[in-house]
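Residue strings, one per chain:
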Amino acid sequence: MLQLSLQTTDRRIASKLGREMSVECDRMLDTHDVKDLSPRDLAIWAKQIFADKLARLTHQNMVVRTSANGPNAADNLLWDQATARAWNLIEAQGINAVWPAHADCEASPLSPAEVDTAKRMLAVLTETMKSPDKAASLRSSFEGTTGQSATAAQQVVQLMQTYIQAMAHAHRSVSDLEEGRAAGLRDMLDATRCEMIALENTTFREQGVVQSDVQDDNFVLTAAISTASDRHEPLHQVSAATSPTPDPAMMAVVARLMDDKRADNLRVATVTQYGSCIELFTKVTGITDVRDVTQTTASAFRDGLRRISCSYGKSQADKGLSYNELLQKAASLPRDRVGLSATTVNRHLDHLRQVLEKAESEGIVLRHKVNTSKLRLKEKKRDRDKRAVFRAEELEKVFQHTIWTGHANATRRHKVGTDITKDGQYWCPLIASVTGARLEEIAALTVSDIGTEDGIPYFIFDENEIRDVKTEASRRRIPIHSALISLGLMKHVDEMKRRKSSALFPDLAPRAGTKTKYGKRLGYNWRFSLAFALDGNQRELCFHSIRHFVNKSIRDMHDVPRLVRLNIVGQEPTDTNDRVYAEETELPVMQNVIERLPVCWSQFASK
């Protein structure tokens, strides 16, 4: 505690002095408790400083080139190089930077004139950065750009450091920018040359000119130029009304690609992934024009995906976050929760490749060659090992759980009892074990997806009002196993019809206002039953493991043709002959295979 004498016995004066001292103390403490400038505001300001300086430097270089024979050309170049060296030193050493002693020795690659000029420029810049006027100028520039004040000494230090980095990087980037502009110009000229050739070919066709008519090689160009001149059109303008240039914006290209995918009947979730990928690409790289994508930016995208939360995209809130905010979110997570999986990263790279190929197929001239295959990550598991396959004895243990053998009630399915709640949570795993169908395919069945033909009841896995299909091969009819009928599946269908329910398993419908898929609500009870029945589920079996179980069971039936197995599980044949010419497997043939599948619940599940 600090005590001071106010040197007065007058209560009124003492009260006034006390108030004034309190105000001054608060002000003094505030100056010592000031917060750092935000990284976002500093970044916005640095970008502006960098862009302005780089634009001025490239403009100066252009002027110098056009007057290269002037008396001051060599002197200007000398001072430009000296300025770049001085800023690099200040960036490395701070505003008290000194010229290194080793640069003065005879072994230095710089000439005496270059050393002397660099020293003089270094002295000028360091003195300027130390001046109060410069500090005031930086504060004013920052406030004008961001609207935020920077009055504290430590904030001014932040401004100086940021300004020095921006200036040094601008001087280093001049050649890169000029080379990029030159490459862009060359690409444009190459494209123009191609357009001229195309126009010449068009002119030939319009005039009916054949090779035998051509007497002089110059006739080709003359005819093209005169034709374009007669129409008052530039050479590169070829029927713009009928052949508009496609929009090269990344989101515009991916939108057209998504239209193609929809026309190919890809399911909505798969099509949506393309748009989400490019949105994330733009977040990570800042690239919005497909022509600006380079191998470097594609690599940065790949690396960026390894720095965000492994659960990115599972929350709608992620879409509203900037890349910096995603990095901040990831910084608070354990290391094993950071980074998208190799499979997901590779899928994003494949989507990016398809977007670039789409742009190129539309005639958009890409300035850079990008090879995403070189960026793919090595996946730790083989395709066959990515999901474990159920063994028959494991499924038997699962189906001995109280969900299928008797529980207390519908809300207490893990407590032994006499109730059997035959809803989606009961039926889905059973149906999967004798069809190999996917979770969403089963969970989103409607009552109209149950049919009968020649006495054979069957499931219809196709688009309906609540579900789309993953691939064309996913559209199929699968006979219903007699064991399911014995358990009362057809009675359940009739009950849903009586209730006027469109969904066969309404308890598995996504909750209102969410975008989750059908079947996600199976989650907790299914995972608990696996953990309980399989001693913690050490092999990490999941619902999809049932599909692998069925696929393997049919594959082990050596008399069943491969195409029949693929038709049952809804997979696309790889053989062109099968894919193009083969017909759908008939229901009686599939029924024979389905009835031979092991029924892993027959001894346990109550009827």
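Please read these numbers as outputs of a predicted model, since none were measured by experiment.

Caption draft 1: Examining the sheet that holds strand S3 (residues 450–453) more closely. Spatially, three strands are ordered S3-S4-S5 in an open sheet, and the strand pairing comes out antiparallel. With partners counted over all chains shown, the strands left at the sheet margins are S3 and strand S5 (476–479), one partner each. Shown here is a sheet whose adjacent strand axes are inclined to one another by a mean of 40°, direction ignored. Both S3 and strand S4 (residues 456–461) contribute to a ladder of four bridges, which runs antiparallel. From the neighbouring strand, Gly451 faces S4, where its bridge partner is Tyr458. In this fold helix H23 (residues 587–595) packs onto S3, S4 and S5, with an angle of close to 50° to the strand it touches most, S5.

Caption draft 2: Main features of the nonpolar core. Counting 61 residues, the largest nonpolar core has Phe390, Ile442 and Leu484 as the members making the most contacts within it. Per-element tally for this core: the top contributor is helix H15 (residues 424–433), with six residues. What Leu484 contacts, discounting residues up to four positions off in sequence, is Trp427, Leu430, Ile431, Val434, Phe459, Leu489 and Trp601. Judged by nonpolar contacts, the second largest core, of 33 residues, contains Val271, Phe281, Leu305 and Leu356.

Caption draft 3: Focus on H23. Those residues of H23 not exposed but buried are Leu587, Met590, Val593 and Ile594. The arc that holds the buried residues of H23, viewed along the axis, is 125°, so those residues lie on one side. Structurally, H23 contributes buried residues whose contacts are with S3, S4, S5, helix H20 (543–555) and helix H21 (562–569).

Caption draft 4: Molecular detail of empty space enclosed by the protein. Here the structure, examined in full by the defined rule, presents one cavity of 30 Å³ or more. Here the largest cavity is characterised by a volume of approximately 30 Å³. In terms of lining residues, the largest cavity is bounded by Val290, Arg291, Asp292, Val293, Leu356, Leu366, Arg367, His368 and Val370. For the lining of the largest cavity, the residue count by class is five nonpolar, one polar and three charged.

Caption draft 5: Quick look at the pattern of salt bridges. Counted by the stated rule, this structure contains 26 salt bridges. A salt bridge links Lys329 to Asp318; the nearest nitrogen and oxygen atoms lie 2.8 Å apart. In this pair, Lys329 is assigned in helix H11 (residues 323–331) and Asp318 in the loop between helix H10 (295–305) and H11, connecting sequence segments 11 residues apart. Note on Lys329: relative accessible area 33%, which makes it partly exposed.

Caption draft 6: Examining the confidence of the model for the protein chain more closely. Taken over all residues, the pLDDT of the protein chain has a mean of 80, while the share at 70 or more is 78%. The low-confidence segment residues 209–241, where pLDDT is below 50, has 29 contacts with residues more than four positions distant or belonging to other chains.

Caption draft 7: Inspection of unusual backbone geometry at higher detail. Even without being a glycine, Lys500 presents a positive backbone phi close to 60°. With respect to the secondary-structure elements, Lys500 resides in the loop between helix H18 (489–498) and helix H19 (523–533).

Caption draft 8: Focus on H20. The terminal C-alpha atoms of H20, which comprises 13 residues, lie 19 Å apart, in line with the 18 Å expected from a rise of 1.5 Å per residue. Residues of H20 that are buried: Phe543, Ser545, Ile546, Arg547, Phe549, Val550, Asn551, Ser553 and Ile554.

Caption draft 9: Local environment of a positive patch on the surface. Residues Lys314, Arg337, Lys517 and Lys520 make up a contiguous surface patch of positive charge. Structurally, the position occupied by Lys314 is in the loop between H10 and H11.

Caption draft 10: A look at the packing of aromatic side chains. In the structure shown here, the tally under the stated rule is nine aromatic pairs. Aromatic side chains Trp526 and Phe543 sit 5.7 Å apart centroid to centroid with 65° between the ring planes, which places their arrangement in the edge-to-face category. Placement of the pair is Trp526 in helix H19 and Phe543 in helix H20, with a sequence separation of 17 residues. Assigned by exposure class, Trp526 and Phe543 land together as buried. Ring centres 6.3 Å apart and planes at 10° place the aromatic pair Phe528 and Phe532 in the stacked group.

Caption draft 11: Just a nonpolar patch on the surface, in detail. A grouping of Leu185, Met188 and Leu189 is seen on the molecular surface, where their side chains present a nonpolar patch of about 280 Å² in accessible area. Within the secondary structure layout, Met188 lies in helix H6 (residues 153–207).

Caption draft 12: Layout of the packing of helix H8 (residues 250–263) against helix H9 (residues 268–285). Running from amino to carboxyl end, H8 crosses H9 at an angle of 170°, the nearest separation of the two axes being 9 Å. Put simply, H8 runs roughly antiparallel to H9. Handedness of the H8/H9 crossing: right-handed. Contact residues: H8 offers Met250, Met251, Val254, Leu257, Met258, Lys261 and Arg262, while H9 offers Val271, Thr272, Tyr274, Gly275, Ile278, Glu279 and Phe281.

Thresholds applied
- Positions within a chain are numbered from 1, following the residues in the order the chain's sequence is written.
- Reporting in this predicted model follows two pLDDT cut-offs: at least 70 for local features of residues, and 80 or more for side-chain atom pairs to be given and counted; totals over whole chains, interfaces and linings ignore these cut-offs and use all residues.
- With hydrogens and water set aside, each side-chain value is computed from the structure's full complement of heavy atoms.
- Two strands are said to pair when DSSP picks up at least two bridges between them.
- The numbering of helices and of strands both runs from the N terminus, where a helix is a DSSP run of H or I of at least 4 residues and a strand a run of E of at least 2.
- Throughout, an axis means a line fitted to C-alpha atoms (over the contacting stretch in the case of helices), and angles, computed between N-to-C directions, take values from 0 to 180 degrees.
- Whether two residues are in contact is decided by their heavy atoms, any of which lying within 4.5 Å being enough.
- Here, nonpolar core refers to any group of buried Ala, Val, Leu, Ile, Met, Phe, Trp, Tyr and Cys residues whose side-chain atoms link them within 4.5 Å.
- The rule is simple: take the accessible area with a 1.4 Å probe, protein chains only, and divide by the maximum for that residue type; under 20% is buried, over 50% is exposed, in between is partly exposed.
- As used here, the arc belongs to the directions running from the helix axis to the C-beta atoms.
- Cavities and pockets are found on a 1 Å grid laid over the protein atoms alone: a cavity is a set of points where a 1.4 Å probe fits but cannot escape, a pocket is an open set with protein on both sides within 12 Å along at least five of seven lines, and a lining residue has an atom within 4 Å of such a point.
- Grid points are joined across faces, edges and corners, and a volume is the space filled by probe spheres set on the points.
- Any residue that is not Ala, Val, Leu, Ile, Met, Phe, Trp, Tyr, Cys, Pro, Asp, Glu, Lys or Arg is counted as polar, Gly included; the first ten are nonpolar and the last four charged.
- Basic side-chain nitrogens of Lys or Arg form a salt bridge, by our definition, when they fall within 4 Å of a carboxyl oxygen of Asp or Glu.
- Confidence scores labelled pLDDT are given residue by residue by the predictor and lie between 0 and 100.
- Working rule for helices: expected span equals 1.5 Å times residues minus one.
- Like charges are joined within 9 Å and nonpolar side chains (Val, Leu, Ile, Met, Phe, Trp, Tyr) within 5 Å, but only among residues with over 30% relative accessible area and no salt bridge; these make up the patches.
- Here the Shrake-Rupley method, with its probe set to 1.4 Å, supplies the accessible areas, and only the displayed protein chains count as covering residues.
- Think of it this way: Lys and Arg go in the positive column, Asp and Glu in the negative one, and His and the chain ends go nowhere.
- Where a charge sits is defined by one atom per residue type, namely NZ (Lys), CZ (Arg), CG (Asp) or CD (Glu).
- Whether two aromatic rings pair depends on their centres lying within 6.5 Å, for rings of Phe, Tyr and Trp, where Trp uses its six-membered ring; planes under 30 degrees apart make the pair stacked, over 60 edge-to-face, and the rest tilted.
- Just so you know how the angles are binned, under 35 degrees is roughly parallel, over 145 roughly antiparallel, 65 to 115 roughly perpendicular, and the rest oblique.
- Left-handed describes a crossing whose near helix is turned anticlockwise from the far helix by less than a right angle; the clockwise case is right-handed.

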